[in-house]
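Descriptive structure summary
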Amino acid sequence: MDPLMPPPVRRIAVDREPHVAEPTAPGANGTAGPAPGAPGARRRVLRGAPTVVRERMRIESVSLAYGPTWVVRNVSLPVRQGEVLALIGASGSGKTTLLRSLNRLTEVTAGATRAGCILLDGQDIHELEVNDLRRRVSMVFQQPNPFPMSIYDNVAYALAEQRPPRGRRRRRTPELEAAATDALRRAGLYEEVSTDLERSALKLSGGQQQRLCIARALAAGPEVLLLDEPCSALDPISTATIEELIVGLRDSVAIVIVTHNLQQAFRVADHVAFMHLGELVEYGSSDQVFDRPLQRRTREYISGAFG
Amino acid sequence: MLGALGAALLVLIGAMVVTVFIKAWPSFSANGLHWFGAGGNVDTQLRAMQESSPLPGHELSYFRAWPLIWGTVLTTVLAVLLALVVSTLAAVFLTEFAPEPVRRTLEPVIRLLAGVPSVVYGLIGILALAPLINSHLISNSRKSSVAYVVQLNGADLTTATIILAVMITPIMVALIAGALAAVPAPWREGSAALGVNRWRTVVRVSLRTARPAIVAATVLATARALGEAIMLSMVSGGRGFAANPLDGITFLFEPVRPLAATIVQESEGLSIGPLAHTVYALAAVLLVSAALLSIAGWAAKQPLKRYGVRA
Amino acid sequence: MESAHLAPSPGGAPVARPQRHGTASWPLADRIGYCLCWVTGIALCLIALGIVLFMLVKGIGYLRPALFLESPAASLQQSKAGGFLDPIIGTLIITVIGTLIAAPTGVAIAAWISEYGRPAPLARAVESAIDVIAGVPSVVLAIFGLLVFSESFLGFLSQNAVNGAVYGRSFFAAGIVMALLALPLIVGSTREALAQVPDRIREASYALGKSRASTIRYVLLPAIRPDIASGIALGMGRIIGDTAIITILLGVTLTNEKVGGVPLIGNLRGSGSTLTSYVYNNSPAGEGNAPQKAYAAAFVLLMVVLGLNALVTRLTGAREPGVAGSLFRRAVEAGRRAWTR
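Residues numbered from 1 in each chain as written. Chains lettered and ligands numbered in written order. Predicted model: local features only at pLDDT ≥ 70, side-chain atom pairs only at ≥ 80, totals over all residues. Heavy atoms only, no water.

This part is about the overall build of chain B. Tallying secondary structure elements over chain B gives 13 helices and zero strands in all. Seen in sequence order, chain B has helices and strands lined up from the N terminus as α-α-α-α-α-α-α-α-α-α-α-α-α. Expressed along its principal axes, the backbone C-alpha trace of chain B runs to roughly 75 × 65 × 30 Å. Looking at chain B as a whole, 58% of its 311 residues qualify as buried. (Helix = DSSP H or I, 4+ residues; strand = E, 2+ residues; numbered from the N terminus. Buried < 20%, exposed > 50% of the residue type's maximum accessible area, 1.4 Å probe, protein only.)

See the structure below:
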């Protein structure tokens, strides 16, 4: 063996040609038309037809700026209880900023300016007391952020803080326990944790923690629930669970969800608002926006021309 | 070779601890457990040892340390409690409520306070604060009411506690503010999004998360307070008098004589047998307290690990 | 928040001025807490200001340049006689001795713990020993030092009394024990700084064939020079400010006395005073009763220590601070950045 010669190349035996699956014909297995971004693939639709719909919030000509640049430009949208509103768009389209302005979290940043008007049940939210507003409009964040306390303390947190500071402050009163149990049930977490509510919330899995955050947001009885890409940090099974949860909740709270996942928007949303570079490009029912988009940009985004 | 250096240091410290206890032993063995008890005037006992003339009815090593121990406990506990409250509030202010220019000023201020030597604090105490308390807070009737037992002149428990608290506040503020600022933003944001105001958020989330740091800060501060000798020897009154809480308000103005201050004050006579043993015995008590303190601090952090509060 | 920069909004809706959340709507208990926070913050500022101003006002009356050049003199008119020269020299000597011993030792021990650390139980024990030194009150260190230096075989470090007993108190003795005081600060700074040096730098040096010792000497230590310097500065600040060890181990005399005829060693074997013991002795707690002198010396002392602290801040301000730098400045920055996004 000449040490300078490279070792012989071994041929890997191939038995047969690799099998490539054919795209199934549209309309098979009771699904709706072509999914956004993946023509022909199957996907499930969770939402049924919306039931009673009632307007909760109204966004009127809202513009938001951090420093000199306007991040959200002249957006007007209704938010209704009984349906799910999805804000979709590429990164930097301003959808998260718009969401955060709904419970005035944008004010925490120094240098944030706003124009326009947001109404909650007819009242301007900037005239409400800010903590009052945030109890009525709750938010769930992208990364699950349970407090370093027990599961019970997490869920009962907002309610416990709403009680008057004087008077008896026992940790577990019947009212608090009932409210916590109810919230956990609505969030679909009760069966999994009912055995030990005193366990540390940080020991739960990612999907459970996010459901805990949803339960925590629901415990105070909000009128509107804001979800900022709630499933982007989770695995598919947890995602599916939470999506079912969201659709199930829409009759009791108005839901606004920001998502960059078009399939998710299609699955859960009744109305979709597409934003691009701060402007509201198109707003309509999800069937209409996904199947028959009116704007060119919407069509391009949905078909994956940019993302 | 470097390892030998470390080992040498280890041997040195070990030798120090052992030597202190060896030199302290004769005082303990002569007095038994009564060493910690009360009995007679500590000052006269120490004087007797220094002049090698035993008090009538007692041997030369007779010593009852209770007034000193009680003085130490009083000053340390009161100062740490005061400093804990002040430091926590100041740390919350620094991290949550202070506007930017105020925060930028407060930081060097804390560093400044931490750097002032204890003798300067003592000077301010004895020349400024004590006369102030003497003339404005202690009335003449109060002085005459206890004149047969002790003189009240402003160098007392209150002055010592206040200045000690000011001395230990900067360390505590630095540690607690650091821990508060390290509370993960998602927790604070989540609490705000639930409609809880900033103060309640701080109390229920941030301070809870910062509890290990608060414990650490308290332990550190207590160790500092225990070991403070010079400042206390200047302002605490120097009389081995066990301040009596039952005296009411007068209690606050009675002089005390903490352990470390006593060691400094008696350091002249360290060549004299019984006095040396007694002083080393005081030092031994200090060492043991410091050790117990560390253990207590470690134990206090344990229960919090359960809830994911990182210690 | 500058209204001049509010551009007209797209869509023409009126632009609102950013508002600051008031606390008027908070429950009473919360508002009290908020007020207390403000009160303590401002109070701390006022106390610090008060201390410096008080020292300034009281000390400036007595302070004049000649003081720095005169030796303290015993005289019946205590408040008018003598200057600070000897105490200042004394402080200098003590600081130099303490730092000369503590700096190399501290850096060496820190490097050993951080880079070698074998055998592990020994390393942990040494770490604990450093913590113990940091926690022991300086008085206890001082009386232990007195014990050690009173041994006859160490008589060369101080003087011998008439009956053969060793005095045990001298600049040497005080300086050596002061080194113990500064040691934990230097070790702590150096260890923190070494921990922050990324491993890839060490690996690069090893890959080039350098041994661990020369990596430490030529690569790591130069990289953390500012942190070592600030640790040393902190240690110096601690040494300068300590009085207990001086009182017990320096055999306080008014001027710096020499022992024996040897030029430098004689001074170091002798007794003397430092700024701190000078202040102590001139206060009502000491022998003299010259508050003027005490104030003036205290003011000088305060300025020296504060200047040293400012130096530390400057040293650690340029790069990522180690433990010597502001522990909470780093954390407050991180917190502020995270909270306002």
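Turning next to the overall build of chain C. Regarding its fold elements, chain C presents 13 helices and one strand. Listed by position from the N terminus, the elements making up chain C come as β-α-α-α-α-α-α-α-α-α-α-α-α-α. Here chain C holds 341 residues, and the buried ones make up 49% of them. Sequence separation of 24 or more characterises 65% of the internal contacts of chain C that already satisfy a separation of 6 or more. Accessible surface, chain C: about 15,500 Å² in total, of which carbon and sulfur atoms supply 64%. (Contact = heavy atoms within 4.5 Å. Areas by Shrake-Rupley, 256 points an atom, 1.4 Å probe, with all protein chains shown as cover.)

What follows covers the interface of chain C and chain B. Facing 77 residues of chain C, the contacting portion of chain B comprises 76 residues. Taken over both partners, the interface formed by chain C and chain B buries close to 6,800 Å², and the fraction arising from carbon and sulfur atoms is 81%. Counting across the interface, chain C meets chain B through zero salt bridges. Inspection of the chain C/chain B interface yields three residue pairs in polar contact (both at pLDDT 80 or more). For the side of chain C that touches chain B, the leading source of residues is helix H1 (residues 28-60) of chain C, giving 17 residues. (Buried area = accessible area lost by both parts, 1.4 Å probe. Salt bridge = Lys/Arg side-chain N within 4 Å of Asp/Glu carboxyl O. Polar contact = N/O pair within 3.5 Å; in protein donor to acceptor, adjacent residues only side chain to side chain.)

This part covers the nonpolar core. Core analysis: the largest hydrophobic core is formed by 176 residues, its most contacted members being B:Trp35, B:Phe63, B:Tyr121 and C:Met55. For this core, the element with the highest residue contribution is helix H5 (residues 171-196) of chain C, accounting for 15 residues. Ignoring sequence-local partners within four residues, the contact set of B:Trp35 consists of B:Ser27, B:Phe28, B:Phe63, B:Arg64, B:Ala65, B:Trp66, B:Ile69, B:Ala281, B:Leu282 and B:Val285. Core analysis: the second largest hydrophobic core is formed by 53 residues, A:Cys231, A:Ile246, A:Phe274 and A:Val289 among them. (Core = buried A, V, L, I, M, F, W, Y, C linked by side-chain atoms within 4.5 Å.)

Compared with an ideal rise of 1.5 Å per residue, which puts 17 residues at 24 Å, helix H10 (residues 211-227) of chain B spans 24 Å between its outermost C-alpha atoms and is within 8% of the ideal. Within the sequence span of H10(B), burial applies to B:Pro212, B:Ala213, B:Ile214, B:Val215, B:Ala217, B:Thr218, B:Ala221, B:Thr222, B:Ala225, B:Leu226 and B:Gly227. (Expected span 1.5 Å × (residues − 1).)

Here we take up a nonpolar patch on the surface. Residue and element names in this part refer to chain C. A contiguous nonpolar patch, built from Ile42, Leu46, Leu49, Leu53, Leu56, Val57 and Ile60 and spanning about 620 Å² of accessible area, is present on the exposed surface. Tracing the sequence through the fold places Leu53 in helix H1. Taking the relative accessible area as the measure of exposure, Leu53 reaches 42% and is therefore partly exposed. (Patch = residues over 30% accessible without salt bridge, like charges linked within 9 Å, V, L, I, M, F, W, Y side chains within 5 Å.)

As a packed pair, helix H3 (residues 66-97) of chain B and H1(C) sit with axes 8 Å apart at the nearest point and diverge in direction by 100 degrees. If you check the angle between H3(B) and H1(C), you find them roughly perpendicular. The residues of H1(C) that touch H3(B), namely those facing B:Val86, B:Leu89, B:Ala90, B:Val92, B:Phe93 and B:Phe97, are C:Gly33, C:Tyr34, C:Leu36, C:Cys37, C:Trp38, C:Thr40, C:Gly41 and C:Leu44. Classifying every residue of the contact of H3(B) with H1(C) by side-chain character gives eleven nonpolar, three polar and no charged. (Axes fitted to C-alpha atoms, helices over the stretch in contact; angles between N-to-C directions. Parallel < 35°, antiparallel > 145°, perpendicular 65-115°, else oblique. Nonpolar A, V, L, I, M, F, W, Y, C, P; charged D, E, K, R; others polar.)

On to helix H2 (residues 42-51) of chain B. All names here are of chain B. Here H2 has its buried residues at Val42, Asp43, Gln45, Leu46, Ala48 and Met49. The N-cap of H2, judged by a side-chain oxygen 2.9 Å from the amide nitrogen of Asp43 a few residues on, is Asn41. One or two residues past the end of H2 sits Ser52, with phi positive at roughly 55 degrees.

As a further point, take the pattern of salt bridges. Enumeration according to the criterion identifies 26 salt bridges over all chains in this entry. For A:Arg267, the salt bridge is made with A:Glu243, and the minimal N-O distance between the two is 2.7 Å. Here A:Arg267 is found in helix H8 (residues 262-268), whereas its partner A:Glu243 is found in helix H7 (residues 236-249), with 24 residues between them in sequence. Like A:Arg267, the residue A:Glu243 is buried in the burial classification. We note a salt bridge from C:Glu115 to C:Arg202, for which the minimum N-O separation is 2.9 Å. Of the two residues, C:Glu115 is situated in helix H2 (residues 85-116) and C:Arg202 in helix H6 (residues 199-207); the sequence distance between them amounts to 87 residues. In this pair, the class of C:Glu115 matches that of C:Arg202, namely buried. A network of salt bridges, in which partner residues are shared, links A:Arg56, A:Asp121, A:Arg136 and A:Glu223.

Turning to the side chain of A:Ser286, a few remarks are in order. You can see A:Ser286 is positioned in helix H9 (residues 286-291). Here the side chain of A:Ser286 touches A:Ala269 through a polar contact of 3.0 Å, landing on its backbone oxygen.

Residue and element names in this part refer to chain C. Within the element layout of this structure, Ile239 appears in helix H8 (residues 225-241). In this structure Ile239 comes out as buried when scored by relative accessible area, which is 2%. Non-local contacts of Ile239, meaning those with residues more than four positions away in its chain, are made with Ile94, Thr95, Gly98, Thr99, Met178 and Ala182.

Before going further, it helps to examine the packing of aromatic side chains. Evaluated as defined, the whole model comprises 13 aromatic pairs over all chains. Considering the side-chain rings of B:Phe28 and B:Phe36, the 6.0 Å spacing of their centres and the 20 degrees angle between planes classify their relative orientation as stacked. By relative accessible area, which is 18% here, B:Phe28 ends up buried. Looking at B:Phe36, the relative accessible area reads 35%, which means it is partly exposed. Between the aromatic rings of B:Phe97 and C:Trp26, the centroid separation amounts to 6.5 Å while the plane-to-plane angle is 55 degrees, which identifies the pairing as tilted. Highlighted residues: B:Phe97 in helix H3 and C:Trp26 in the loop between strand E1 (15-16) and H1, drawn from two different chains. Owing to a relative accessible area of 6%, C:Trp26 belongs among the buried residues under this scheme. A network of ring pairs unites the aromatic residues B:Phe28, B:Trp35, B:Phe36 and B:Phe63 as a single cluster. Here A:Arg216 stacks its cationic end above the ring of A:Phe147, 4.3 Å away from the centre of that ring. (Phe/Tyr/Trp six-rings, centres within 6.5 Å; stacked < 30°, edge-to-face > 60°. Lys NZ or Arg CZ within 6 Å of the ring centre and 35° of its normal.)

Take the side chain of C:Glu127 next. Residue and element names in this part refer to chain C. Counting through the fold element by element, Glu127 comes out in helix H3 (residues 120-135). Classification of Glu127 as buried rests on a relative accessible area of 18%. When residues no more than four places from it in sequence are discounted, the contact partners of Glu127 are Ile113 and Arg191.

Mean pLDDT over chain B stands at 85; residues scoring 70 or higher make up 96%. Model confidence for chain B, summarised as mean pLDDT per element, is weakest for helix H6 (residues 140-145) of chain B at 76 and strongest for H3(B) at 93. (pLDDT = per-residue confidence, 0-100.)

Here we come to the packing of H6(C) against helix H7 (residues 212-223) of chain C. All names here are of chain C. Between H6 and H7, the least distance of the axes is 10 Å, while the angle of their chain directions is 125 degrees. In this view, H6 runs oblique relative to H7, as classed from their interaxial angle. Considering only the axes of H6 and H7, their crossing is right-handed. Where H6 approaches H7, its residues Ile201, Arg202, Ser205 and Tyr206 are matched on the opposing element by Arg212, Thr215, Val219 and Leu220. (Left-handed = near helix turned anticlockwise from the far one by under 90°.)

As a further point, take the confidence of the model for chain C. All names here are of chain C. Here chain C shows a mean pLDDT of 79. Residues at 70 or above account for 79%. Scored below 50 in pLDDT, residues 1-5 makes three contacts in the model with residues more than four places away or belonging to other chains. Long-range and interchain partners of residues 318-341, a stretch whose pLDDT sits below 50, account for 57 contacts in this model, where long-range means more than four residues apart. Interface predicted TM-score (ipTM) for the complex: 0.85; the corresponding pTM is 0.83.

One can find C:Val279 in helix H11 (residues 275-282). Sequence separation between C:Val279 and C:Gln292 is 13 residues, and the spatial gap between their C-alpha atoms is 9.9 Å. Dropping the residues within four chain positions of it, C:Val279 is found in contact with B:Val119, B:Leu123, C:Ala294, C:Ala297 and C:Ala298.

Residue and element names in this part refer to chain C. Overall, Glu115 belongs to the buried group, its relative accessible area being 8%. Residues Glu115 and Arg191, spaced 76 residues apart in sequence, show a C-alpha to C-alpha distance of 9.5 Å. Not counting the four nearest positions on each side in its chain, Glu115 is found in contact with Leu194, Arg202, Tyr206, Arg212, Ile216 and Leu220. One polar contact links Glu115 to Ser114, side chain to side chain, over a distance of 3.2 Å.

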